[in-house]
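Coordinates in review
Listed below are the residues making up each chain.
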Amino acid sequence: MKIAVIGQSLFGQEVYCHLRKEGHEVVGVFTVPDKDGKADPLGLEAEKDGVPVFKFSRWRAKGQALPDVVAKYQALGAELNVLPFCSQFIPMEIISAPRHGSIIYHPSLLPRHRGASAINWTLIHGDKKGGFSIFWADDGLDTGDLLLQKECEVLPDDTVSTLYNRFLFPEGIKGMVQAVRLIAEGKAPRLPQPEEGATYEGIQKKETAKINWDQPAEAIHNWIRGNDKVPGAWTEACEQKLTFFNSTLNTSGLVPEGDALPIPGAHRPGVVTKAGLILFGNDDKMLLVKNIQLEDGKMILASNFFKGAASSVLELTEAELVTAEAVRSVWQRILPNVLEVEDSTDFFKSGAASVDVVRLVEEVKELCDGLELENEDVYMASTFGDFIQLLVRKLRGDDEEGECSIDYVEMAVNKRTVRMPHQLFIGGEFVDAEGAKTSETINPTDGSVICQVSLAQVTDVDKAVAAAKDAFENGRWGKISARDRGRLMYRLADLMEQHQEELATIEALDAGAVYTLALKTHVGMSIQTFRYFAGWCDKIQGSTIPINQARPNRNLTLTRKEPVGVCGIIIPWNYPLMMLSWKTAACLAAGNTVVIKPAQVTPLTALKFAELTLKAGIPKGVVNILPGSGSLVGQRLSDHPDVRKIGFTGSTEVGKHIMKSCAISNVKKVSLELGGKSPLIIFADCDLNKAVQMGMSSVFFNKGENCIAAGRLFVEDSIHDEFVRRVVEEVQKMKVGNPLDRDTDHGPQNHHGHLVKLMEYCQRGVKEGATLVCGGNQVPRPGFFFEPTVFTDVEDHMFIAKEESFGPVMIISRFADGDVDAVLSRANATEFGLASGVFTRDINKALYVSDKLQAGTVFVNTYNKTDVAAPFGGFKQSGFGKDLGEAALNEYLRIKTVTFEY
């Protein structure tokens with residue numbers, strides 16, 4: 001068909017382009033005159049294609065169509081007028097001229113919300129359904145017969161922009177093209193609009209957008225979002241006009257504590273909090289506003305309302321000055337009517353519109369190699385000087401709200417000064433716990449107090465979960481690409497590597513880890529873990545699945561792997577940083593946000609890790625860390641309705657309780673790495689030297705505080721005595737001492753309570769008749785040191801044969817020569833199944849035994865050989881789910897199936 005397109009904007013441009021792709025002939029485009037030297041996108045596109053473009057400032061005068069305008073239109077011979085978005089009044093002489101008449105796009109479900117500002121009124125009235133109508137134009141105001149309508153759900157926090165961008169724009173373009181297709185095929189309906197339910201509201205203007213405070217919170221929220229971004233809902237407060245943007249009713253976990261903002265006419269004063277401005281309706285319910293525009297036009301974060309001027313102006317490097325000049329050229333191209341772009345030049349006051357915001361963002365992102373920049377950033381920094389400051393902060397990785405204030409505990413130790421945060425980490429800030437509660441963290445080397453650490457309470461958990469939920473649903477973390485997420489994780493791993501000596505020193509101080517081991521394992525493997533999962537970020541993908549076709553139509557089914565949301569991670573005290581990393585790296589790679597509860601006795605490396613996430617540019621709220629007791633913090637995480645996944649490492653008893661809480665609360669996804677009593681079978685045909693070496697490591701590695709430690713060694717009878725002799729020889733060579741000394745083999749046990757349990761464990765072994773070959777006592781020196789211990793003649797019924805010590809206690813039992821099946825039966829006679837091992841030179845025996853052992857990991861002729869790429873997790877009451885490897889990602893993802901019919 002020959003079509004005349006009458007309208008403007010990007011929407012009009014897209015409709016024009018799609019109509020041409022459909023094969024229609026666009027004989028002319030009628031759009032608005034240039035503004036401030038800039039042509040409308042629709043006209044620009046048509047001119048490039050050589051299509052006649054007309055820019056009439058008006059179509060009629062004194063109610064009559066202008067003859068010369070009508071003549072120019074009629075000369076084109078259009079068969080249909082298409083009005084995708086038109087702000088001008090078009091006379092009926094034009095509307096009725098084509099053979100097929102005229103069709104108009106309207107962004108509401110007519111007859112509801114006739115007139116201008118239809119999207120605004122859809123939101124202001126709190127409509128649950130929105131959509132658009134395409135109707136045949138007549139001489140009424142949006143009263144013509146309907147051709148087609150499409151509807152969508154209006155989300156609770158939708159604004160004009162989000163509703164338009166999500167549905168009205170993309171689906172509206174398709175709808176206009178479909179409508180023209182129906183007309184061309186002679187299938188276009190004409191359905192009279194019903195008058196029942198019809199409404200008409202006038203155009204929203206700034207003077208009519210003042211907030212009425214005498215209504216419920218939901219109505220106030222609808223008014224604010226219905227006027228966001230134009231014209232902007234406003235009120236008077238602090239002797240100026242304040243305009244509110246980015247409103248939400250999602251206030252779960254928010255506590256109205258902060259600075260009061262008196263608002264004339266409001267039911268209660270507003271409260272400026274770290275999350276934003278909390279407002280109240282006359283029903284005492286809350287809503288949250290995140291952005292405020294001041295009377296001078298400057299847009300600020302609502303949380304910064306009572307703060308002074310922005311932090312000191314950054315001094316730009318030579319390279320940054322070059323970038324600034326390149327950006328100045330971009331501004332100059334977008335604002336041709338501005339003679340010279342100065343620091344005080346305001347983007348919007350110089351004539352820029354929303355389409356120019358998109359152009360600016362895209363040009364700057366291209367100029368700065370994919371820098372994360374959003375349209376909102378332009379509104380928040382609308383003058384050139386402010387925009388450059390914001391841009392440079394982003395390029396430096398410091399684009400959050402200034403430097404985080406950290407109250408460090410400093411110690412001169414290990415030939416360095418270590419700086420340790422000691423407060424809770426919530427929403428990107430270090431804060432005191434509710435009621436300023438604290439607990440002591442103890443140095444196990446000498447029993448001294450390292451510092452007081454904030455002790456999280458239930459209300460702190462709620463705040464942390466709210467911060468994580470907001471970061472997941474509304475923050476940058478969910479908007480950046482998977483590749484950018486990986487880049488941030490790589491940066492975090494690099495920072496951990498730069499601070500590895502400091503982190504290892506803190507592990508030695510707080511957990512008693514031998515410094516050299518901490519460098520290699522506690523910290524070294526943590527760095528490797530983050531690098532490994534950073535590489536997975538952009539490789540998480542679904543699949544396409546062939547299904548039975550719905551003949552004569554066809555189907556396409558695909559799966560998407562999506563993050564689950566807010567995750568709670570509860571970690572033990574034996575490897576404080578490494579256990580955090582094993583779970584958190586996979587969790588973040590999958591795109592989740594997290595609340596981490598480190599063990600109460602070893603919180604310091606977790607808090608140092610929190611500091612490094614800030615330095616890496618991980619958005620605020622993505623990672624939250626709450627030192628505290630399991631009975632309060634762990635329990636609340638397990639019970640919290642907004643937490644969708646719990647990852648736990650600890651005892652089987654506590655794991656069962658967590659699993660029950662997760663089921664009762666909201667059927668959370670859960671993965672558990674629990675207790676173990678890992679068997680190690682040493683056959684007579686082994687390499688005995690290696691078996692002794694690895695047997696020592698299997699028990700005494702990390703002071704025996706190792707979840708996969710060999711809880712029981714089964715040694716074939718013919719080599720039993722020689723094996724024991726060599727082990728005792730090696731034990732006597734071990735140096736027990738200060739974990740910071742480079743020649744120390746064995747440091748203190750993690751905490752005093754654990755030391756007491758080890759002494760009781762050994763006393764019970766002796767009482768039941770096992771032979772204590774060496775050790776079994778506390779080392780007579782300050783601190784929590786325990787002697788490396790060896791028991792022999794351990795029978796299957798004994799307590800120490802069935803329960804793990806979680807310490808440096810080797811439990812040795814004999815088995816008869818050649819009796820493979822009998823020793824396998826004894827090894828599997830446990831409710832635990834975390835790890836196991838076998839030493840033999842016989843490959844057939846090794847394969848047979850590894851097949852029969854009931855454990856998540858089997859080591860053959862080695863032990864403790866874990867790797868970031870190999871999945872790790874237990875069987876039976878040692879838990880379920882995996883850490884490490886690709887399998888770990890699935891613990892933090894959910895699979896969605898999507899089926900299309902065409």
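Residues numbered from 1 in each chain as written. Predicted model: local features only at pLDDT ≥ 70, side-chain atom pairs only at ≥ 80, totals over all residues. Heavy atoms only, no water.

- If you look the protein chain up in an unreviewed UniProt entry, it shows as 10-formyltetrahydrofolate dehydrogenase from Gorilla gorilla gorilla.
- Quoted verbatim from the Catalytic activity (unreviewed entry) heading of the UniProt record, the comment on the protein chain is "(6R)-10-formyltetrahydrofolate + NADP(+) + H2O = (6S)-5,6,7,8-tetrahydrofolate + CO2 + NADPH + H(+)". (UniProt positions renumbered as here; feature names shortened; annotations may be inferred.)

As for the overall build of the protein chain
- Each helix and strand in the protein chain was counted, giving 26 helices and 40 strands.
- Taken along its principal axes, the extent of the C-alpha atoms in the protein chain is 115 × 70 × 55 Å.
- Buried residues in the protein chain amount to 56% of all 902 residues.
- The contacts in the protein chain between residues at least 6 apart in sequence include a share of 70% that link residues at least 24 apart.
- Total accessible area on the protein chain stands at roughly 38,000 Å², and carbon and sulfur atoms take up 51% of it.
- Charge separation in the protein chain, taken as the distance between the mean sites of 97 positive and 117 negative side-chain charges, equals 3 Å. (Helix = DSSP H or I, 4+ residues; strand = E, 2+ residues; numbered from the N terminus. Buried < 20%, exposed > 50% of the residue type's maximum accessible area, 1.4 Å probe, protein only. Contact = heavy atoms within 4.5 Å. Areas by Shrake-Rupley, 256 points an atom, 1.4 Å probe, with all protein chains shown as cover. Lys, Arg positive; Asp, Glu negative; His and termini not counted. Charge placed at Lys NZ, Arg CZ, Asp CG, Glu CD.)

With respect to the side chain of Thr 248
- Here Thr 248 is to be found in strand 11 (residues 240-248).
- A distance of 2.9 Å separates the side chain of Thr 248 from the backbone nitrogen of Asn 250, its partner in a polar contact.
- Apart from residues lying up to four places away in sequence, Thr 248 is in contact with Asp 157, His 221, Leu 287, Leu 288 and Lys 290. (Polar contact = N/O pair within 3.5 Å; in protein donor to acceptor, adjacent residues only side chain to side chain.)

Some thoughts on helix 24 (residues 820-827)
- Three or more residues of helix 24 are buried, namely Val 820, Val 823, Leu 824 and Ala 827. Looking straight down helix 24, one finds that the buried residues subtend no more than 105° of arc, so they occupy a single side.
- Looking at the buried residues of helix 24, the elements they touch are strand 30 (678-682), strand 31 (710-716), strand 34 (809-815) and helix 25 (843-852). (Arc of directions from axis to C-beta.)

Structural notes on unusual backbone geometry
- Here the residue pair Leu 110 and Pro 111 is connected by a cis peptide bond, since its omega of 15° sits within 30 degrees of zero.
- Here the bond from Arg 551 into Pro 552 is cis, since omega is 10°, no more than 30 degrees from zero.
- Here Pro 552 lies in the loop between strand 23 (544-545) and strand 24 (555-563).
- A positive phi is found at Ala 436, a non-glycine position, where the angle reads about 55°.
- Exposure remark for Ala 436: the relative accessible area of 51% places this residue in the exposed category.

Things to note about the domain arrangement of the protein chain
- Taken domain by domain, the protein chain comprises domain 1 (2-185), domain 2 (206-304), domain 3 (320-396), domain 4 (420-540 + 561-673) and domain 5 (679-873).
- For domain 2 versus domain 4, the distance between C-alpha centres works out to 34 Å.
- Contacts between the two partners involve seven residues from domain 2, matched on the other side by 10 residues from domain 4.
- Across the domain 2/domain 4 interface, buried area totals approximately 600 Å², and carbon plus sulfur atoms make up 38% of it.
- For the pair domain 2 and domain 4, the interface holds two salt bridges. (Domains from an automatic or database assignment. Buried area = accessible area lost by both parts, 1.4 Å probe. Salt bridge = Lys/Arg side-chain N within 4 Å of Asp/Glu carboxyl O.)

Remarks on the sheet that holds strand 9 (residues 146-153)
- With mixed pairing, the seven strands of this open sheet are ordered in space as 3-2-1-6-7-8-9. Single-partner strands in this sheet number two, and they are strand 3 (53-54) and strand 9.
- By the bridge criterion, three bridges tie strand 6 (residues 80-83) to strand 7 (residues 102-106) in an arrangement that is parallel. Counted as the bridge partner of Leu 83 is Ile 104 from strand 7. (Pairing = 2+ DSSP bridges.)

Focus: the UniProt feature "binding site: (6R)-10-formyltetrahydrofolate" (unreviewed entry) in the protein chain
- Under the present numbering, the feature "binding site: (6R)-10-formyltetrahydrofolate" (unreviewed entry) in UniProt falls on Gln 88, Phe 89, Ile 90 and Asp 142. Spatial clustering of the annotated residues is evident: they stretch over 55 residues in sequence, but the largest pairwise C-alpha distance comes to 13.7 Å.
- With respect to the secondary-structure elements, Phe 89 resides in the loop between strand 6 and helix 4 (92-95).
- Here Phe 89 falls in the exposed class, since its relative accessible area comes to 62%.
- Here Phe 89 is in contact with Trp 59 and Arg 60, once residues within four sequence places are set aside.
- In this structure, Asp 142 sits in the loop between strand 8 (129-136) and strand 9.
- For Asp 142, the residues in contact, after removing those within four places along its chain, are His 106, Leu 110, Arg 114, Gly 115, Phe 135 and Gln 193.

Considering a nonpolar patch on the surface
- A cluster of nonpolar side chains, contributed by Leu 556, Phe 900 and Tyr 902, occupies part of the molecular surface with about 320 Å² of accessible area.
- Summarising the element assignment, Leu 556 is placed in strand 24.
- Residue classification places Leu 556 among the partly exposed residues on the basis of a relative accessible area of 35%. (Patch = residues over 30% accessible without salt bridge, like charges linked within 9 Å, V, L, I, M, F, W, Y side chains within 5 Å.)

Quick notes on the sheet that holds strand 37 (residues 857-860)
- Sheet architecture is open: seven strands sit in the order 32-33-34-31-30-36-37, paired in mixed fashion. One side of each edge strand has no neighbouring strand; the edge strands of this open sheet are strand 32 (771-774) and strand 37. Each neighbouring strand pair of the sheet contributes to a mean axis angle of 20°, computed without reference to strand direction.
- With four bridges joining them, strand 36 (residues 835-839) and strand 37 adopt parallel strand pairing. From the neighbouring strand, Val 838 faces strand 37, where its bridge partner is Val 860. (Axes fitted to C-alpha atoms, helices over the stretch in contact; angles between N-to-C directions.)

A word on the packing of helix 12 (residues 458-473) against helix 18 (residues 630-639)
- At a minimum axis distance of 9 Å, the contact between helix 12 and helix 18 shows a crossing angle of 40°. The orientation of helix 12 with respect to helix 18, classified from their angle, is oblique. By crossing handedness, the relation of helix 12 to helix 18 is classed as right-handed. Residues Val 458, Val 461, Asp 462 and Val 465 of helix 12 pack against Leu 632, Val 633, Arg 636 and Leu 637 of helix 18.
- In terms of residue class, the contact of helix 12 with helix 18 is made up of six nonpolar, no polar and two charged. (Parallel < 35°, antiparallel > 145°, perpendicular 65-115°, else oblique. Left-handed = near helix turned anticlockwise from the far one by under 90°. Nonpolar A, V, L, I, M, F, W, Y, C, P; charged D, E, K, R; others polar.)

Looking at the packing of aromatic side chains
- As enumerated under the stated definition, the model contains 25 aromatic pairs in all.
- With a centroid separation of 5.2 Å and an interplanar angle of 80°, the aromatic rings of Trp 331 and Phe 384 are classed as edge-to-face. In this pair, Trp 331 sits in helix 8 (residues 318-334) while Phe 384 sits in helix 11 (residues 384-395), placing the two residues 53 residues apart along the sequence. The exposure classification of Trp 331 matches that of Phe 384, with both residues buried.
- Both rings, one in Phe 530 and one in Phe 609, keep their centres 5.5 Å apart while their planes meet at 35°; by these two values the pair is tilted. Taken as a pair, Phe 530 in helix 15 (residues 515-536) and Phe 609 in helix 17 (residues 604-616) lie far apart in primary sequence, 79 residues in all. (Phe/Tyr/Trp six-rings, centres within 6.5 Å; stacked < 30°, edge-to-face > 60°.)

Quick look at the nonpolar core
- The biggest cluster of nonpolar side chains holds 108 residues, and the ones touching the most others in it are Ile 682 and Leu 713.
- Here this core gets 10 residues from one element, more than from any other, and that element is helix 16 (residues 576-589).
- Residue assignment places this core across two domains, with domain 4 (420-540 + 561-673) and domain 5 (679-873) each supplying three or more.
- Each residue touching Ile 682, except ones within four places of it in the same chain, is listed here: Ala 691, Leu 713, Phe 714, Val 715, Glu 716, Ile 719, Phe 723, Phe 815 and Phe 839.
- Of all hydrophobic cores here, the second largest spans 36 residues; its members include Cys 17, Leu 147, Val 160 and Val 177. (Core = buried A, V, L, I, M, F, W, Y, C linked by side-chain atoms within 4.5 Å.)

Remarks on the pairing of strand 26 (residues 593-597)
- Most of strand 26 is tucked away, with five of its five residues classed as buried.
- Here strand 26 shows a buried face lined by Thr 593, Val 595 and Lys 597 and a second buried face lined by Val 594 and Ile 596.
- Sheet analysis places strand 25 (residues 566-570) next to strand 26, joined by five bridges and oriented parallel. Bridging from a neighbouring strand, Cys 567 pairs with Val 594 of strand 26.
- In this view, the connection linking strand 25 to its parallel neighbour strand 26 by way of helix 16 has right-handed handedness.
- Where strand 26 meets strand 27 (residues 623-625), three bridges bridge the pair, whose relative direction is parallel. Each bridged residue has a counterpart across the sheet, and for Val 595 the counterpart in strand 27 is Asn 624.
- Between the parallel pair strand 26 and strand 27, the chain is carried across by helix 17, and the sense of this crossover is right-handed. (Right-handed = clockwise from strand over helix to strand, strands pointing away.)

Overview of the pairing of strand 15 (residues 286-293)
- Strand 15 sits mainly inside the fold: seven of its eight residues count as buried.
- As paired strands, strand 11 and strand 15 are joined by five bridges and run antiparallel to one another. Looking at the pairing, Phe 245 lines up with Asn 291 of strand 15.
- Two successive antiparallel strands, strand 14 (residues 276-280) and strand 15, enclose a turn made up of five residues, where Asp 284 displays a positive phi of approximately 70°.
- Note: strand 15 against strand 16 (residues 299-301), three bridges, orientation antiparallel. Paired with Asn 291 across the bridge in strand 16 is Leu 301.
- Taking the residues that link successive antiparallel strands as the turn, the strand 15-strand 16 hairpin has five residues, and the phi of Gly 297 there is positive, at about 95°.

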